[in-house]
Amino acid sequence: MKRTITLLAVLSSVVAGDAAAREWRGCSAAIQIMADGRLSTLWQFEGRGSCANRARANDCRRAARDAIALCVRTAWAERWSRKLPGQCAPGSESGSTRPFVKGILDTDFGRGRGSEGDQDFKWAVEHAACCNLHPTGGTIHVRVGADTSGDTGCQSPAILPEGFDLSLEPDYQVDCQSVRDKGYCAVRTGGR
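No experiment lies behind these values; they were computed from the predicted model shown.

Structural notes on the side chain of serine 40
Item 1. Within the secondary structure, serine 40 sits in strand β2 (residues 38-51).
Item 2. Setting aside chain neighbours within four positions, we find serine 40 in contact with Ile31, Gln32, Ile33, Ala128 and Leu133.

Re the packing of aromatic side chains
Item 1. According to the stated counting rule, one finds three aromatic pairs in the structure shown.
Item 2. Ring centres of tryptophan 43 and phenylalanine 121 lie 5.1 Å apart, and the angle between their planes is 55 degrees; on these two criteria the pair is classed as tilted. Of this pair, tryptophan 43 sits in strand β2 while phenylalanine 121 sits in helix α3 (residues 121-133); the two residues are 78 residues apart in sequence, bridging distant segments of the chain.
Item 3. With relative accessibility at 1%, the residue tryptophan 43 sits in the buried group.
Item 4. On the basis of relative accessible area, phenylalanine 121 is assigned to the buried category, the value being 2%.
Item 5. Taking the centre distance of 5.2 Å and the plane angle of 70 degrees together, the rings of tryptophan 76 and phenylalanine 121 count as edge-to-face. Of this pair, tryptophan 76 sits in helix α2 (residues 57-77) while phenylalanine 121 sits in helix α3, placing them 45 residues apart in sequence. Comparing tryptophan 76 with phenylalanine 121, the two get one shared label, buried.
Item 6. Following the ring pairs from residue to residue traces out a cluster consisting of Trp43, Trp76, Phe121 and Tyr172.

Some thoughts on the pattern of salt bridges
Item 1. The tally for this structure, following the rule as stated, stands at seven salt bridges.
Item 2. The salt bridge involving arginine 25 is made with glutamate 23; its shortest N-O contact spans 2.8 Å.
Item 3. Relative accessible area serves as the criterion here: at 22%, arginine 25 is assigned to the partly exposed category.
Item 4. Aspartate 66 is the partner of arginine 65 in a salt bridge, and the nearest nitrogen-oxygen pair spans 3.8 Å.
Item 5. Judged by its relative accessible area of 45%, aspartate 66 falls in the partly exposed class.
Item 6. Within the structure, one salt-bridge network assembled from shared partners comprises Glu23, Arg25 and Arg54.

A short note on the environment of cysteine 176
Item 1. Here cysteine 176 shows up in helix α4 (residues 176-181).
Item 2. A residue is classified by how much of its surface remains accessible, and cysteine 176, at 0% relative accessible area, is buried.
Item 3. The sequence separation of cysteine 176 and cysteine 131 amounts to 45 residues, and the corresponding C-alpha distance is 8.1 Å.
Item 4. Sequence-distant contacts of cysteine 176, that is, excluding residues within four places in its chain, are made with Ala129, Cys130, His134, Gly137, Gly138, Thr139 and Ile140.

Some points on the pairing of strand β4 (residues 139-149)
Item 1. Sheet topology note: the strand β1 (residues 23-35)/β4 ladder contains seven bridges and is antiparallel. Counted as the bridge partner of alanine 30 is aspartate 147 from β4.
Item 2. Alignment of β4 against strand β5 (residues 166-175), held across seven bridges, turns out to be antiparallel. Each residue of the ladder has a partner; that of alanine 146, found in β5, is leucine 166.

Conventions used here
Residues numbered from 1 in each chain as written. Predicted model: local features only at pLDDT ≥ 70, side-chain atom pairs only at ≥ 80, totals over all residues. Heavy atoms only, no water. Helix = DSSP H or I, 4+ residues; strand = E, 2+ residues; numbered from the N terminus. Contact = heavy atoms within 4.5 Å. Phe/Tyr/Trp six-rings, centres within 6.5 Å; stacked < 30°, edge-to-face > 60°. Buried < 20%, exposed > 50% of the residue type's maximum accessible area, 1.4 Å probe, protein only. Salt bridge = Lys/Arg side-chain N within 4 Å of Asp/Glu carboxyl O. Pairing = 2+ DSSP bridges.

In structure tokens, the structure reads:
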């Protein structure tokens, strides 16, 4: 009986030590568009991933990259909803091992900042393409994608012809005259 209690105490301390030793690592991300050979960054944020220990840090970063990819691919697929999906919701390192994105709601575009804004991906693409990159043109073709950066494990293993680590749309057409007619290119004040 004494050996069983001692064994259980040792086993629980090893398990607790392993849980306490969880590591978190991150990768940076930028969602960008390219049109007429010019690049515009829409969002910059971070992905965070956990792993068992420092020796597996690259696994942490791969999990962070995967969280970024899931967020941006889902956000693009659901762009007509004009808000970020749950896959882009910020997470926390405390009490969780789930990879998450961080800082994506800290951007200021669309119809407001943070969770009270709607962080409109479609609007951001149209605004950057028509108001910044192509302010006087009609229809413009843009490439939409994301790049990840950081230490080993952050970059995508694929080399894509579109020039991004994560290609979302190689030929997205935007009617810039319509965008300007809707007032998207008007100067905003007060963050709105």
